[in-house]
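Geometric and topological summary
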Amino acid sequence: MFPAGSLEKMQILAYSDANFTKQLGSAYSVWINPASYNYSFKICYNNRQAQGSSGPSPDFNRVATDTVTLDLYFDGTGVVPSPNPAMPAASSNGVADQVAAFKTLVFSYNGTIHSPNYLWLSWATLQFQCRLQSLNFSYTLFMPDGTPLRAKASCTFLGFTSEQQLAKEANNSSPDLSHLITVKIGDTLPNLCYRVYGTSLPYINVAAINGLSDFRNLKVGSQLLFPPLRDSGS
């Protein structure tokens, strides 16, 4: 049985720099959380095969960019409450304004950085720095005059890592990286924080991020997210 809790909407944050330090506006909350998402990884090989051999001998080339694919839904009927107070749940334009706002955030060209925005998908353990690769809208419900009332956005996001972050990832124990740790017998939140950050001080912030009401009694086998130290409030 799943623990009770408040509904948290997936958020998409836009940034104007590759290091994800300059956020553009407030976080965008999706209208309806995705029913599922796919997180894909791929390894690329050079398909080498010697002349006369019976089969290939693939050589490792590189680890390809990871991808997240998901569907997001927009509703202009008024049935779904708006996650954004500035945008009404029902409009004479149907979902046109919702779609335009989303497209501006993830797809449209930003003249300041000469490219679309850098993005961060944030939903519980999904913390994904990325850029949009593809976006496809499908419309399924219409007003009598043909104005769309519902839309589905099929999105593919490519993982993005700056050169600075790549250098940090050469040291997997860096406190500037996100960590997902499975709780083992004897683990305490302060000790886990010390293991990740080199200090136990951020344990209160980590407890809040993971929705822990009692950080002293961790559930063995559960997974806890430890965000980058700069976001932990230490």
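What you see is a predicted model; the values in this text were computed from it and never measured.

**Looking at the overall build of the protein**
- Looking only at helices and strands, the protein has four helices and 11 strands in total.
- Counting every position in the protein, which comprises 234 residues, the buried fraction comes to 33%.
- In the protein, 59% of the contacts between residues at least 6 apart in sequence involve partners at least 24 apart.
- By element, 53% of the accessible surface of the protein is carried by carbon and sulfur atoms, the whole surface being about 14,000 Å².

**Some words on the pattern of salt bridges**
- Applying the stated criterion across every chain yields a total of two salt bridges.
- A salt bridge links R150 to D75; the nearest nitrogen and oxygen atoms lie 2.7 Å apart. Of this pair, R150 sits in strand β9 (residues 148–159) while D75 sits in strand β6 (residues 67–75); the two residues are 75 residues apart in sequence, bridging distant segments of the chain.
- Among the residues examined, R150 registers a relative accessible area of 36% and is labelled partly exposed.
- D75 sits in the buried class, given a relative accessible area of 5%.
- Across the pair D187 and R195 runs a salt bridge whose closest N-O atoms are separated by 3.4 Å.
- Judged by relative accessible area, which is 17%, D187 ranks as buried.
- By relative accessible area, R195 is classed as exposed at 53%.

**Observations regarding the side chain of D75**
- Here the side chain of D75 touches R150 through a polar contact of 2.7 Å, side chain to side chain.
- Residues contacting D75, with those up to four places away along its chain left out, are W31, V80, A89, V95, Q98, L149 and R150.

**Side note on the environment of L189**
- Counting through the fold element by element, L189 comes out in helix α3 (residues 189–197).
- Each residue touching L189, except ones within four places of it in the same chain, is listed here: Y203, V206, A207, L212, F215, L218, L224 and F226.

**Overview of the nonpolar core**
- Ranked by internal contacts, the top residues of the largest apolar core, which has 28 residues, are I12, L70, F74, F102, L119, L121 and F157.
- Contributing elements (two or more residues each) for this core: β1 (11–15), β6, α1 (96–106), β7 (118–123), β8 (126–142) and β9.
- Ignoring anything within four residues of it in the chain, the contact list for I12 reads A27, Y28, V30, L72, F102, L105, V106, L119, W120 and L121.
- Formed by 12 residues, the second largest nonpolar core is a distinct cluster that contains L189, Y197, L224 and F226.

**Notes on the packing of aromatic side chains**
- Scanning the entire structure with this criterion turns up 14 aromatic pairs.
- Seen from their ring centres, F20 and Y118 are 6.1 Å apart, and the 70° between their planes marks the pair as edge-to-face. With F20 in the loop between β1 and β2 (28–29) and Y118 in strand β7, this residue pair connects regions lying 98 residues apart in the sequence. Summarising the burial analysis for this pair, F20 and Y118 share the class buried.
- Relative to F137, the ring of F74 has its centre 6.3 Å away and its plane inclined at 50°; by these criteria the two rings are tilted. Taken together, the residues F74 in strand β6 and F137 in strand β8 connect sequence positions 63 residues apart.

**Some points on a nonpolar patch on the surface**
- Together, I43, Y45, F60 and V63 make up a nonpolar patch on the protein surface, roughly 440 Å² of accessible area in all.
- Of all the elements in the fold, those that place two or more residues in the nonpolar patch are β4 (43–46) and β5 (59–63).
- With a relative accessible area of 59%, V63 lands in the exposed category.

**Some points on α1**
- Every buried residue of α1 is listed here: Q98, V99, F102, L105 and V106. End-on view of α1: buried residues confined to an arc of 130°, all on one side of the axis.
- The elements touched by buried residues of α1 are β1, β2, β6, β7, β8 and β9.

**Overview of the sheet that holds β9**
- Spatially, seven strands are ordered β2-β1-β7-β8-β9-β6-β3 in an open sheet, and the strand pairing comes out antiparallel. Looking at the sheet topology across the chains shown, the edges are occupied by β2 and β3 (37–40).
- Packing of α1 onto the sheet brings it into contact with β1, β2, β6, β7, β8 and β9, and relative to β8 it is tilted by some 155°.

**With respect to the side chain of D187**
- When you line up the elements, D187 lands in the loop between β10 (179–182) and α3.
- At 2.7 Å, the side chain of D187 and the backbone nitrogen of K184 are in polar contact.
- Within the structure, D187 has its side chain in polar contact with the side chain of R195 (distance 3.4 Å).
- In this view, D187 contacts T182, L192, R195 and L218; residues no more than four positions away in its chain are not counted.

Quick notes on the rules
Per chain, residues are indexed from 1 in the order of the written sequence. Given that the model is predicted, a residue must reach a pLDDT of at least 70 before its local features are reported, and side-chain atom pairs must reach 80 or more before they are shown or counted; all residues, however, enter totals for whole chains, interfaces and linings. Derived side-chain values reflect all non-hydrogen atoms in the structure, with water molecules and hydrogen atoms excluded from consideration. Only runs of H or I of at least four residues qualify as helices and only runs of E of at least two qualify as strands under DSSP, and these elements are numbered from the N terminus. Here the term buried applies to any residue with accessible area under 20% of the maximum for its type, exposed to any over 50%, and partly exposed to those in between, with areas from a 1.4 Å probe on protein chains only. Should any heavy atoms of two residues lie within 4.5 Å, those residues are counted as being in contact. Surface accessibility in these figures is a Shrake-Rupley result with a 1.4 Å probe; residues are shielded only by whichever protein chains are displayed. Should a side-chain nitrogen of Lys or Arg be within 4 Å of a carboxyl oxygen of Asp or Glu, the pair is scored as a salt bridge. Any pair of nitrogen or oxygen atoms within 3.5 Å is treated as a polar contact; in protein, a donor-acceptor pairing is required on top of that, and neighbouring residues in sequence qualify only through side-chain atoms on both sides. Side-chain atoms within 4.5 Å are what join buried Ala, Val, Leu, Ile, Met, Phe, Trp, Tyr and Cys residues into a set we call a nonpolar core. Ring pairs are drawn from Phe, Tyr and Trp, using the six-membered ring of Trp, whenever the two centres fall within 6.5 Å, and their geometry is named by plane angle: stacked under 30 degrees, edge-to-face over 60, tilted for the rest. Surface patches are defined over residues having more than 30% relative accessible area and no salt bridge, joining like charges when they lie within 9 Å and nonpolar side chains (Val, Leu, Ile, Met, Phe, Trp, Tyr) when within 5 Å. The arc in question is the one traced by the directions running from the helix axis out to the C-beta atoms. The rule for pairing is simple: two strands pair if DSSP sees at least two bridges between them. Axis angles are defined between N-to-C directions and span 0 to 180 degrees, where every axis is a line fitted to C-alpha atoms and, for a helix, only to the segment in contact.

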